[in-house]
Amino acid sequence: MDNRLKYQSIIKSVLQSHADYRATLPDGYSSQVVFDDERGQYLVLDVGWSGNKYLHATPIHLCLIVDKVWVQCDDTEEGIATDLVEAGIPKEDIVLGFRYPKIREYTGFAIA
């Protein structure tokens, strides 16, 4: 299995776990996963009403660009990159895209 297919599988599993966890929170929102293998886009969406407050948010957004996993948005406590590493994706194949490019070299992850 090439890295792209392996990474797609890992990403889907990790994001589904996050969505399943978020769905157990008593906030009234539902969590959904969106997978687009053709374009390399992977999201967790939180949608719904809690009382009179409506939410439509993307707490996690990952992209597969060439041979790297780009973390575009991460609104998790521990960091989605940590979960990806624990699931088998090496740090050198994960880019924290939400970090300013000059800061990335100090993160321990890939810079581009």
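Residues numbered from 1 in each chain as written. Predicted model: local features only at pLDDT ≥ 70, side-chain atom pairs only at ≥ 80, totals over all residues. Heavy atoms only, no water.

Asks: So what about the pairing of strand 3 (residues 53-65)? Which residues, and what values?
Replies: The pairing of strand 2 (residues 41-50) with strand 3 spans 9 bridges and is antiparallel. Each bridged residue has a counterpart across the sheet, and for aspartate 46 the counterpart in strand 3 is alanine 57. In this antiparallel pair of consecutive strands, strand 2 and strand 3, the connection spans 2 residues, and glycine 51 shows a positive phi of 65 degrees. Between the antiparallel neighbours strand 3 and strand 4 (residues 68-74) lie 2 residues, among them valine 66 with a positive phi of about 55 degrees. (Pairing = 2+ DSSP bridges. Helix = DSSP H or I, 4+ residues; strand = E, 2+ residues; numbered from the N terminus.)

Asks: I'd like to hear about the packing of aromatic side chains, residue by residue, with values.
Replies: Summed over the entire model, instances satisfying the criterion amount to 2 aromatic pairs. Summarising the aromatic geometry, the rings of phenylalanine 35 and tyrosine 42 are spaced 6.2 Å apart at their centres and angled 50 degrees between planes, so their arrangement reads as tilted. The exposure class assigned to tyrosine 42 is buried, which follows from its relative accessible area of 0%. Between tryptophan 49 and tyrosine 54 the ring centres are 5.1 Å apart and the planes differ by 55 degrees, which places this aromatic pair in the tilted class. Relative accessible area serves as the criterion here: at 52%, tryptophan 49 is assigned to the exposed category. (Phe/Tyr/Trp six-rings, centres within 6.5 Å; stacked < 30°, edge-to-face > 60°. Buried < 20%, exposed > 50% of the residue type's maximum accessible area, 1.4 Å probe, protein only.)

Asks: Explain the pattern of salt bridges to me, using residue names and the numbers behind them.
Replies: Counted under the stated rule, the structure contains 4 salt bridges. The salt bridge involving aspartate 37 is made with lysine 12; its shortest N-O contact spans 2.7 Å. With aspartate 37 in the loop between strand 1 (30-36) and strand 2 and lysine 12 in helix 1 (residues 3-23), the pair connects residues that are 25 residues apart, well separated along the chain. Taking relative accessible area as the criterion, lysine 12 reaches 26% and is therefore assigned partly exposed. (Salt bridge = Lys/Arg side-chain N within 4 Å of Asp/Glu carboxyl O.)

Asks: Talk me through unusual backbone geometry; I want residue IDs and the actual numbers.
Replies: Positive phi values are uncommon outside glycine, yet valine 66 reaches one of about 55 degrees. Mapped onto the secondary structure, valine 66 falls in the loop between strand 3 and strand 4. What makes valine 66 exposed here is its relative accessible area of 71%.

Asks: I'd love a proper account of the nonpolar core, names of residues and values included.
Replies: Counting residues in each nonpolar core, the largest one holds 20 residues, and the members touching the most others are Ile11, Leu15, Leu62, Ile80, Leu84 and Ile94. Residue assignment for this core shows that the elements contributing at least two residues are helix 1, strand 2, strand 3, strand 4 and helix 2 (80-86). Examining the composition of this core, we find that 6 residues originate from one element, helix 1, more than from any other. Non-local contacts of isoleucine 80, meaning those with residues more than four positions away in its chain, are made with Val14, Leu15, His18, Ile60, Leu62, Val71 and Asp74. (Core = buried A, V, L, I, M, F, W, Y, C linked by side-chain atoms within 4.5 Å. Contact = heavy atoms within 4.5 Å.)

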